[in-house]
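# Chain and residue survey
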Amino acid sequence: MPPPPPTIPRMSQSNFERQRDHWRGMALRFAHIGPPLRPTAQDLAVYQQAIDRQARRYRGRSFRVLLLGVTREIACLRWPENSELIAIDRSAEMVRACWIGDVAGRRQARCGDWLKLAPELGPWGLVLGDGSLSSLQFPDETRQLLSHLHDTLLPGGRLVLRCFVEHAARESPQAVIHAMRGGEIESFHAAKFRLAMALQSSSGAGVHLAAVWRAWNDFALDLGKLAVATAWSRETIQTIDAYRDSPGFQSFPTLSQFQAVAAEFFTLESQFVPGYEMGDRCPMLTFVQRER
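To start, this report covers the structure provided alongside it. (Residues numbered from 1 in each chain as written. Predicted model: local features only at pLDDT ≥ 70, side-chain atom pairs only at ≥ 80, totals over all residues. Heavy atoms only, no water.)

### Some remarks on the overall build of the protein
Selection criterion: What counts as a helix is a DSSP run of H or I of at least four residues, what counts as a strand is a run of E of at least two, and both are numbered from the N terminus. Throughout, exposure labels follow a simple rule: accessible area from a 1.4 Å probe, protein chains only, divided by the maximum for the residue type, with under 20% read as buried, over 50% as exposed, and the rest as partly exposed. For this analysis, residues touch if any pair of their heavy atoms sits within 4.5 Å. Computed by Shrake-Rupley with a 1.4 Å probe, the accessible areas treat only the displayed protein chains as cover when residues are assessed.
What the protein contains, in helices and strands, is 12 helices and 9 strands. When the 292 residues of the protein are sorted by exposure, 57% land in the buried category. Partitioning the contacts of the protein with sequence separation of at least 6, the portion at a separation of at least 24 is 76%. Of the roughly 12,700 Å² of accessible surface on the protein, 51% is carried by carbon and sulfur atoms.

### Quick word on the layout of surface pockets
Filter applied, for reference: Cavity: a set of points on a 1 Å grid over the protein atoms alone where a 1.4 Å probe fits but cannot get out. Pocket: an open set with protein on both sides within 12 Å along at least five of seven lines, its lining residues, like those of a cavity, having an atom within 4 Å of a point. Grid points are joined across faces, edges and corners, and a volume is the space filled by probe spheres set on the points.
By volume, the largest pocket amounts to about 160 Å³. Forming the walls of the largest pocket are 13 residues, and the residues nearest its centre are Val46, Ala50, Arg53, Ser270 and Thr286. When contributions to the lining of the largest pocket are tallied by element, the ones reaching two or more residues are helix 3 (41-57), strand 5 (153-162), strand 8 (266-272) and strand 9 (284-289). Ranked by residue count, the leading element in the lining of the largest pocket is helix 3, at 5 residues.

### Some thoughts on the pattern of salt bridges
Rules: Here a salt bridge means any side-chain nitrogen of Lys or Arg lying within 4 Å of a carboxyl oxygen belonging to Asp or Glu.
What the rule picks out here adds up to 12 salt bridges. Across the pair aspartate 130 and arginine 162 runs a salt bridge whose closest N-O atoms are separated by 2.7 Å. Of this pair, aspartate 130 sits in strand 4 (residues 124-130) while arginine 162 sits in strand 5, and the two are 32 residues apart along the sequence. A residue is classified by how much of its surface remains accessible, and aspartate 130, at 9% relative accessible area, is buried. Several salt bridges converge on common partners, so that one network encompasses Arg53, Arg158 and Glu269.

### Examining empty space enclosed by the protein
Selection rule: Gly counts as polar in this scheme, as do all residues outside two lists: the nonpolar Ala, Val, Leu, Ile, Met, Phe, Trp, Tyr, Cys and Pro, and the charged Asp, Glu, Lys and Arg.
The final tally for this structure, using the stated rule, is 2 cavities of 30 Å³ or more. Estimates place the volume of the second largest cavity at around 100 Å³. What lines the second largest cavity is a set of 14 residues, and nearest its centre among them are Leu133, Ser134, Cys163, Phe164 and Phe258. In terms of residue class, the lining of the second largest cavity is built from 8 nonpolar, 5 polar and 1 charged.

### Examining the nonpolar core
Heads up, the condition is: Within this scheme, the nonpolar core is defined by two criteria: the residues are buried Ala, Val, Leu, Ile, Met, Phe, Trp, Tyr or Cys, and they are joined through side-chain atoms within 4.5 Å.
Among the nonpolar cores identified, the biggest contains 31 residues, and Met180, Ile185, Trp216 and Trp232 are the most heavily contacted of them. Where this core is concerned, the elements lending two or more residues are helix 7 (173-181), helix 8 (188-199), helix 9 (209-218) and helix 10 (223-230). Ranked by residues supplied to this core, first place goes to helix 8 with 8 residues. Residues within four places of methionine 180 in sequence aside, it is in contact with Ile185, Ala191, Trp216, Leu221, Leu226, Thr230 and Trp232. In terms of nonpolar packing, the next biggest core, distinct from the first, is built from 29 residues, Leu121, Leu146, Leu149 and Ala262 among them.

### Notes on the packing of aromatic side chains
The cut-off we apply is this: Stacked, tilted and edge-to-face are the three classes assigned to paired rings of Phe, Tyr and Trp, where Trp is represented by its six-membered ring and a pair needs centres within 6.5 Å; plane angles under 30 degrees give stacked, over 60 edge-to-face, the rest tilted. Remark: a charge is flagged as sitting over a ring if the NZ atom of Lys or the CZ atom of Arg is within 6 Å of the ring centre and within 35 degrees of the ring normal.
Under the definition given, this model contains 7 aromatic pairs. With a centroid separation of 6.1 Å and 55° between ring planes, the pair formed by phenylalanine 266 and phenylalanine 287 is classed as tilted. Placement of phenylalanine 266 in strand 8 and of phenylalanine 287 in strand 9 is noted, with a sequence separation of 21 residues between them. Phenylalanine 287 sits in the buried class, given a relative accessible area of 2%. Ring pairs connect the aromatic residues Phe164, Phe193 and Phe252, which therefore count as one cluster. The ring of tryptophan 114 has arginine 90 sitting right over it, with the charged end atom 5.3 Å from the ring centre.

### Side note on helix 6 (residues 140-152)
Selection rule: Helix span, expected: 1.5 Å multiplied by one less than the number of residues in the helix.
Along its 13 residues, helix 6 runs 19 Å from first to last C-alpha, staying within 8% of the 18 Å computed at 1.5 Å per residue. Listed in full, the buried residues belonging to helix 6 are Glu141, Thr142, Leu145, Leu146, Ser147, Leu149, His150 and Thr152.

### Structural notes on the packing of helix 7 against helix 8
For clarity, the cut-off: Axis definition: a line fit to C-alpha positions, over the contact stretch in the case of helices; interaxial angles, taken between N-to-C directions, run 0 to 180 degrees. Each angle receives one of four descriptions, namely roughly parallel if under 35 degrees, roughly antiparallel if over 145, roughly perpendicular if within 65 to 115, and oblique otherwise. Should the near helix be turned anticlockwise from the far one by less than a right angle, the crossing is termed left-handed; should it be turned clockwise, right-handed.
Close contact between helix 7 and helix 8 brings their axes to 8 Å; oriented N to C, the two are set at 165°. With respect to helix 8, the element helix 7 is oriented roughly antiparallel. Taken as a pair, helix 7 and helix 8 cross one another with a handedness that is left-handed. Residues Pro173, Val176, Ala179 and Met180 of helix 7 form the contact with helix 8, whose own contacting residues are Ala191, Arg194, Leu195, Ala198 and Leu199. Tallied by class, residues from the contact of helix 7 with helix 8 come to 8 nonpolar, no polar and 1 charged.

### Let's talk about the side chain of histidine 150
Counted only if it meets this: Throughout this description, a polar contact denotes any pair of N or O atoms lying within 3.5 Å of each other; where both atoms belong to protein, one of them has to be capable of donating a hydrogen while the other can accept it, and for residues adjacent in sequence the pair is counted only when both atoms sit in side chains.
Mapped onto the fold, histidine 150 is located in helix 6. The exposure class assigned to histidine 150 is buried, which follows from its relative accessible area of 10%. Within polar-contact distance, the side chain of histidine 150 engages the backbone oxygen of arginine 290 at 2.5 Å.

### Topic: the sheet that holds strand 2 (residues 83-89)
What counts, and what does not: When DSSP finds two or more bridges between a pair of strands, those strands are recorded as paired.
If you trace the 7 strands from one edge of the open sheet to the other, you get 3-2-1-4-5-9-8, paired in mixed fashion. Where the open sheet ends on each side, the last strands, each with one partner, are strand 3 (107-111) and strand 8. The sheet shows a mean angle of 20° between the axes of neighbouring strands, direction not considered. Here strand 8 pairs with strand 9 via 6 bridges, running antiparallel. Each residue of the ladder has a partner; that of phenylalanine 266, found in strand 9, is glutamine 289. Against the sheet, helix 6 engages strand 1 (63-68), strand 4, strand 5, strand 8 and strand 9, with an angle of about 145° to strand 5. Those strands touched by helix 12 (residues 255-262) are strand 5, strand 8 and strand 9, and its axis lies near 15° from that of strand 9.

By themselves, these are just geometric observations and shouldn't be taken as functional.
As structure tokens, this is what we get:
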């Protein structure tokens, strides 16, 4: 018999509540979403190294790991006996669609707001996030979360993030569409990503996902011709419909902008740039606490 669905204790919510409908739509289309919006083996190897390293550091002691979201690929990694994984996501639908199930004392999923984390959940020996911070307003909400994580990490704890960042020279939406039509973009998920980045006027303003859908719709692309030019399936192309009327929001600082805010709380320990399409906009950053 299949395992029962995970129990989802509710936590207080702020701006996360307003994005619930977007994540419900994403949950329904999850099977058709791929890299770079989901991690690859290259990314997962960095997460696994961090998990193994912290397990050695806390050998003989248990430690908790905070996962920002319910990224299935991370939850399915090899977890040491002395760790407990706690995943927190804004959307009950995403938890039901993506979570691999609770195991008492080993892993659990909760529905809640990262900006209002209950103090008793920590402290953390490790915090992991896969593109998670792009759903926060930059820089204020980013700074708020990083400050909290700094204060709730154990001595020797690590923060490992795959960050979604834009190039210093922003491309135009027209350039992205031209590249799509020419078959120059390998993945439709990369195309969506590039279009969203092109549409934000600044990292502080970010972009509402409904605006991404409207821009896509305004270009009135022939989906049949696009599918032929790119070899993208219609099901994959139609994942952009999750953005229609969505309250979802994304912000894409440049790498230097993000690192400047992170440096208020953390020291960058290592950086890995994956080799897949748009990997330069999805760097893996590992941080240690700074004294304040």
